[in-house]
Amino acid sequence: QVQLVESGGGLVQAGGSLRLSCAASGGTFSNYAMTWFRQAPGKEREFVAGITYSGGVTDYSNSVKGRFTISRDNAKNTVYLQMNSLKPEDTAVYYCAAERSRNNWYVVPNPDTYGSWGQGTQVTVSS
């Protein structure tokens, strides 16, 4: 399994933007489906966005659709999450996750599917 390291979190005002990055190492990145999950205090981990191994399919939770964009650069072994129009309810620890998969038809939003996880990066949106 790959090792994952997230970066790019921070404190931002409502309406602002952040871009999260997740760098992978130790595996063939282009063979992995990649996702972003988040977990707020006292809440369960929830799916945010995902992208298939080739980048051909993406999916988003309803709460972020139209505001967040997931992308990947297989040459740089990195997946990104561009977050625009941030809201206080987006405040959470954001985790990158990976699973080796050649599925290019849909994104799996179940966290139990993913065997590799990063350490998380805190995103705080102030009102």
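Look above for the structure.
None of these values were measured; they are calculated from a predicted model.

Enquirer: Quick one: what's the story with the overall build of the protein chain, residue by residue and with numbers?
Expert: The helix and strand tally for the protein chain stands at zero helices and eleven strands. Here the C-alpha radius of gyration of the protein chain, 13 Å, is about what a compact globule of 127 residues would show, namely 14 Å. Once the C-alpha set of the protein chain is aligned to its principal axes, its extents read approximately 40 × 30 × 25 Å. Per-residue burial over the protein chain gives 46% buried out of 127 residues. Within the protein chain, contacts between residues at least 6 apart in sequence are counted, and of these 61% link residues at least 24 apart. Just so you have it, the protein chain exposes about 6200 Å², and 46% of that area is on carbon and sulfur atoms. Across the protein chain, 11 positive and 9 negative side-chain charges occur, with their mean positions spaced 6 Å apart.

Enquirer: Can you explain the side chain of Glu6? Please cite residues and give values.
Expert: Mapped onto the elements of the fold, Glu6 is located in strand β1 (residues 3-7). Buried and unpaired, Glu6 has Arg45 as its nearest opposite-charge partner, separated by 7.8 Å. At 3.0 Å, the side chain of Glu6 forms a polar contact with the backbone nitrogen of Gln119. Not counting residues up to four positions away in its chain, the partners in contact with Glu6 are Ser21, Cys22, Trp36, Tyr94, Tyr95, Cys96, Gly118, Gln119, Gly120 and Thr121.

Enquirer: A description of the pattern of salt bridges should follow, citing residues and the corresponding values.
Expert: Following the criterion strictly, the structure yields three salt bridges and no others. Across the pair Arg38 and Glu46 runs a salt bridge, and its minimum N-O distance is 2.6 Å. Assessed through its relative accessible area of 34%, Glu46 is described here as partly exposed. Notably, a salt bridge pairs Asp90 with Arg67, separated by 2.8 Å at the nearest N-O pair. Placement of the pair is Asp90 in the loop between β8 (78-83) and β9 (92-100) and Arg67 in the loop between β6 (58-60) and β7 (68-73), with a sequence separation of 23 residues. The two residues Asp90 and Arg67 agree in class, both being buried. When salt bridges that share partners are traced, they join Arg38, Glu46, Arg67 and Asp90 into one network.

Enquirer: Please provide a residue-by-residue account of the packing of aromatic side chains, values included.
Expert: Applying the stated criterion across every chain yields a total of four aromatic pairs. Geometrically, the ring pair formed by Phe37 and Tyr114 is edge-to-face, given 5.8 Å between the ring centres and 65 degrees between the ring planes. Here the residue Phe37 occupies a position in strand β4 (residues 32-39), and Tyr114 occupies one in the loop between β9 and β10 (116-117), the gap between them amounting to 77 residues. Classification of Phe37 as buried rests on a relative accessible area of 0%.

Enquirer: A description of the pairing of β4 should follow, citing residues and the corresponding values.
Expert: When you tally the buried positions in β4, you get seven out of eight residues, the bulk of the element. Direction of pairing for β4 relative to strand β5 (residues 46-51): antiparallel, over a ladder of five bridges. Residue Phe37 lies in a different strand from β5, and its bridge partner there is Phe47. The loop that links β4 with its antiparallel partner β5 comprises six residues; one of these, Gly42, has a positive phi angle of about 75 degrees.

Conventions we followed
- Residues numbered from 1 in each chain as written.
- Predicted model: local features only at pLDDT ≥ 70, side-chain atom pairs only at ≥ 80, totals over all residues.
- Heavy atoms only, no water.
- Helix = DSSP H or I, 4+ residues; strand = E, 2+ residues; numbered from the N terminus.
- Rg over C-alpha atoms; globule rule 2.2 N^0.38 Å.
- Buried < 20%, exposed > 50% of the residue type's maximum accessible area, 1.4 Å probe, protein only.
- Contact = heavy atoms within 4.5 Å.
- Areas by Shrake-Rupley, 256 points an atom, 1.4 Å probe, with all protein chains shown as cover.
- Lys, Arg positive; Asp, Glu negative; His and termini not counted.
- Charge placed at Lys NZ, Arg CZ, Asp CG, Glu CD.
- Salt bridge = Lys/Arg side-chain N within 4 Å of Asp/Glu carboxyl O.
- Polar contact = N/O pair within 3.5 Å; in protein donor to acceptor, adjacent residues only side chain to side chain.
- Phe/Tyr/Trp six-rings, centres within 6.5 Å; stacked < 30°, edge-to-face > 60°.
- Pairing = 2+ DSSP bridges.

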